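Analysis of the macromolecular model
The residues making up each chain are set out below.
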Amino acid sequence: MTTATNSILIRGARIVDPSQGMDRAGDLLIVEGRIGKLAPAIRDGNLPKGCILVDGVGLVACPGFIDLHVHLREPGYEDHETIATGLEAAARGGFTTVCCMPNTRPAIDNASVVDYVLRRAREANGVRVLPIGCVSKERAGQQLAEMWELAQAGAIGFSDDGSPVANPHLMRQALLYAGGLGLPVINHPEDPGLSRNAPMNEGRVSNRLGLAGWPAVAEETMVARDIELCAITGGRLHLAHISTAGSVELVRRAKERGLPVTAEATPHHLTLTEEWVRGHAPDGPLASPLTYAAYDTSAKVNPPLRTRRDAEALLAGLRDGVIDAVATDHAPHPVTTKLVTFDEAASGISGLETAFGALMTLVHRGDLPLSMLVERMTQGPLHLLGERGNGLGSLREGSAADVTLVRLDEEWLVRGADFASKGKHTPLEGVTLKGRAAATIVGGRVAYSAVGGLVVRE
Ligand SMILES: [Zn+2]
């Protein structure tokens, strides 16, 4: 997919590679797109000719981050995002691989759309794209899509995300057929009969604001349904963006039963609560006009931001491995779709560029070890990807040279206007985060760099 035009030596970085249980200072040599050597010290005499030397002191080097859940919007919604802008946002966020959801126009429900997405990705910055195909034709929830054809073309799983697979019989068939192909069905767990298009969590804040509420049980009944369908079909089930304490418990029990169930949680559900719907009030000259509004539409997301208890349960689930991976659910929209009433506003957060910094809040607070965070962004996603993830998520010698360099202590102000993504909406607008990707290398090629001497290669 990518070619290395040079070798790179990163010297004196802190190497955090959960695949090898490694957290220590060392040197990392990248040669011809692969990890050539990882050692406490690599001498100059052993370097390939023309090797680029990078001073890694103050940087953490980890395997490139893998995001199981992004919306790249192309084809069809290029005013929201294009594959090129989405992958630029991914690179800036430290992601070397992203799995893109099929709710495009046309939807990714046949091989030609998979081919199109992969071709556009190849023309972009080198970040790897693993497309997810539809469960149902045109995401209409009626008939199964051509799953075999999608798998042959390169789909790594199936989802109607944006919408749930509401029909239980269709979900059962999907798990059976996808299971036969060895691929997961990724469901967006939401019983629409219970959530009723409500714009925020059902609870104290929705009452206060007079907004309809999307209750936790609307997620949990579908999580429970999907787990039982997984049990009778033996198909692989992945639950997207679980957001409630009850869902964490259901997944925990499913895993105890030995069922092939995996789950992801988003940075926003792990770090924010429904209180953010009321609008954040940053100090200083950059305070947004939203400070004076009754609510902040950039905090509207589906599933909605939940309570503090839910966020704590998600964190506990992430720590003990009930939740396999963090996934952003990056959902870019044009700015005008958020400059309306809360009911009318589009759902979704532009999340690729703030994910790592937001999650580092948990690390700085002492609630999540750094190595575990990196694990859930590199090895954890491989539970879903299976053999499609071979060679990824590790700095072992011979692996693909997908490397993310981060600065743990860099403080930076979130400004949506500065995002590479076309989606500029974030509830973190005006918030200072601590921790940021410094460079992103995919297959030995530099896709993003804010590190001296390391230059992005076209
Ligand atoms: Zn979803």
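Bear in mind the structure is a predicted one, so any value in this text is a computation, not a measurement.

Considering the overall build of the protein chain
Along the backbone of the protein chain there are 13 helices and 17 strands. The C-alpha extent of the protein chain, read off along each of the three principal axes, is 65 × 55 × 40 Å. Just so you have it, the protein chain exposes about 17300 Å², and 49% of that area is on carbon and sulfur atoms. The averaged location of the 53 negative side-chain charges in the protein chain is 3 Å from the averaged location of its 45 positive side-chain charges.

A closer look at helix 8 (residues 245-256)
In a regular helix each residue adds 1.5 Å, so twelve residues correspond to 16 Å; helix 8 covers 17 Å between its end C-alpha atoms and thus fits that length. The complete set of buried residues in helix 8 reads A245, S247, V248, V251 and A254. Check the buried side of helix 8 and you find it contacts helix 7 (216-233), strand 12 (236-239), strand 13 (261-265) and helix 10 (308-319). Two residues or fewer after helix 8 comes G258, characterised by a positive phi angle close to 80 degrees.

Focus: the packing of aromatic side chains
The geometry of two aromatic rings is summed up by the distance between their centres and the angle between their planes. Under the definition given, this model contains three aromatic pairs. A centroid spacing of 5.4 Å and a plane angle of 25 degrees characterise the contact between F65 and F356, whose relative ring orientation is stacked. With F65 in strand 6 (residues 65-70) and F356 in helix 11 (residues 355-364), this residue pair connects regions lying 291 residues apart in the sequence. A ring pair is formed by Y295 and F342, whose centres lie 5.3 Å apart and whose planes are at 65 degrees; its orientation type is edge-to-face. Highlighted residues: Y295 in the loop between helix 9 (267-271) and helix 10 and F342 in the loop between strand 14 (325-326) and helix 11, separated in sequence by 47 residues. Its relative accessible area of 23% is what places Y295 among the partly exposed residues. Just above the ring of W214 sits the side chain of R306; from NZ or CZ to the centre is 4.5 Å. For the cation-ring pair, R436 lies above W412, with the distance from its terminal atom to the ring centre recorded as 4.0 Å.

Digging into the side chain of H330
With respect to the secondary-structure elements, H330 resides in the loop between strand 14 and helix 11. Looking at H330, its side chain comes within polar contact range of the main-chain nitrogen of G351, at 3.0 Å. Among residues more than four places away in sequence, those in contact with H330 are H69, V70, H71, E81, I349, S350, G351, L352 and S421.

Remarks on the coordination of the zinc ion
In a perfect tetrahedron of four donors around a metal, the angles come out at 109.5 degrees. In a perfect octahedron of six, they are 90 or 180 degrees. Coordination of the zinc ion by the protein involves D161 (OD), H188 (ND1) and H241 (NE2), with metal-donor separations of 2.0 to 2.3 Å. Here the donor residues of the zinc ion share one chain and are spaced in sequence as D-x26-H-x52-H. Remark: H241 occurs in the loop between strand 12 and helix 8 and D161 occurs in the loop between helix 3 (147-153) and helix 4 (168-180); sequence separation between them is 80 residues.

Let's talk about the pattern of salt bridges
Applying the stated criterion across every chain, the model contains 24 salt bridges. K255 is paired through a salt bridge with D324; the nearest N and O atoms lie 2.7 Å apart. Separated by 69 residues along the polypeptide, K255 in helix 8 and D324 in the loop between helix 10 and strand 14 bring together distant segments of the chain. A residue is classified by how much of its surface remains accessible, and K255, at 25% relative accessible area, is partly exposed. A salt bridge links K434 to D409; the nearest nitrogen and oxygen atoms lie 3.9 Å apart. Residue K434 is located in strand 16 (residues 432-442), and its partner D409 is located in strand 15 (residues 403-413); the two are separated by 25 residues in the primary sequence. Relative accessible area serves as the criterion here: at 54%, D409 is assigned to the exposed category. Salt bridges sharing partners connect three or more residues here, namely E74, R119, R120 and E123.

With respect to the layout of surface pockets
Vacant regions in the atomic arrangement are exposed by a probe of water-molecule size rolled over the atoms. One number sums up the size of the largest pocket: a volume of about 410 Å³. Every residue lining the largest pocket is counted, 19 residues in all, and those nearest its centre are R73, N103, G162, H333 and S347.

Remarks on unusual backbone geometry
Along the chain, E74 connects to P75 via a cis peptide bond; the corresponding omega equals 5 degrees. Structurally, the position occupied by P75 is in the loop between strand 6 and helix 1 (83-93). In this model, E32 sits at a positive phi of 50 degrees, which is unusual for a non-glycine residue. Assignment of secondary structure puts E32 in the loop between strand 2 (22-31) and strand 3 (34-39). In this structure E32 comes out as exposed when scored by relative accessible area, which is 68%. For N197, which is not glycine, the phi dihedral falls at a positive 60 degrees. Along the chain, N197 falls in the loop between helix 5 (192-195) and strand 10 (200-201). Judged by its relative accessible area of 75%, N197 falls in the exposed class.

Here is what the cut-offs are and how they apply
Note on numbering: residues in each chain are counted from 1, in written sequence order. Under the rules for a predicted model, residues below a pLDDT of 70 receive no local features and side-chain atom pairs below 80 are neither given nor counted, while totals for whole chains, interfaces and linings still include all residues. Side-chain figures throughout are based on the complete set of non-hydrogen atoms in the structure, without hydrogens or water. Runs of H or I in DSSP of at least four residues are treated as helices and runs of E of at least two as strands, each being numbered from the N terminus. We get accessible surface area from the Shrake-Rupley algorithm with a probe of 1.4 Å; when it comes to residues, only the shown protein chains can shield them. Only four residue types enter the charge count, namely Lys and Arg as positive and Asp and Glu as negative; His and the chain termini do not. Where a charge lies is defined by one atom per residue type, namely NZ (Lys), CZ (Arg), CG (Asp) and CD (Glu). To estimate the expected span of a helix, subtract one from its residue number and multiply by 1.5 Å. For every residue, the accessible area (1.4 Å probe, protein chains only) is compared with the maximum for its type, and the residue is labelled buried under 20%, exposed over 50%, or partly exposed between those bounds. The contact rule is simple, with two residues in contact once any of their heavy atoms fall within 4.5 Å. Pairing of aromatic rings covers Phe, Tyr and the six-membered ring of Trp, with a centre-to-centre limit of 6.5 Å; geometry is then stacked below 30 degrees between planes, edge-to-face above 60, and tilted otherwise. Definition used: whenever NZ (Lys) or CZ (Arg) falls within 6 Å of the ring centre and also within 35 degrees of the ring normal, the charge is taken to sit over that ring. For this analysis, a polar contact is any N or O atom pair within 3.5 Å, provided that within protein one partner can donate a hydrogen and the other can accept it, and provided that sequence-adjacent residues contribute only side-chain to side-chain pairs. Listed donors are limited to N, O and S atoms within 2.8 Å of the metal, widened to 3.2 Å for Na, K and Ca; water is not among them, so incomplete-looking sites are possible. Take a side-chain nitrogen of Lys or Arg and a carboxyl oxygen of Asp or Glu: if they are within 4 Å of each other, that pair is a salt bridge. Both cavities and pockets are sets of points on a 1 Å grid over the protein atoms alone; in a cavity a 1.4 Å probe fits but cannot get out, in a pocket the set is open with protein on both sides within 12 Å along at least five of seven lines, and lining residues sit with an atom within 4 Å of a point. Grid points are joined across faces, edges and corners, and a volume is the space filled by probe spheres set on the points.

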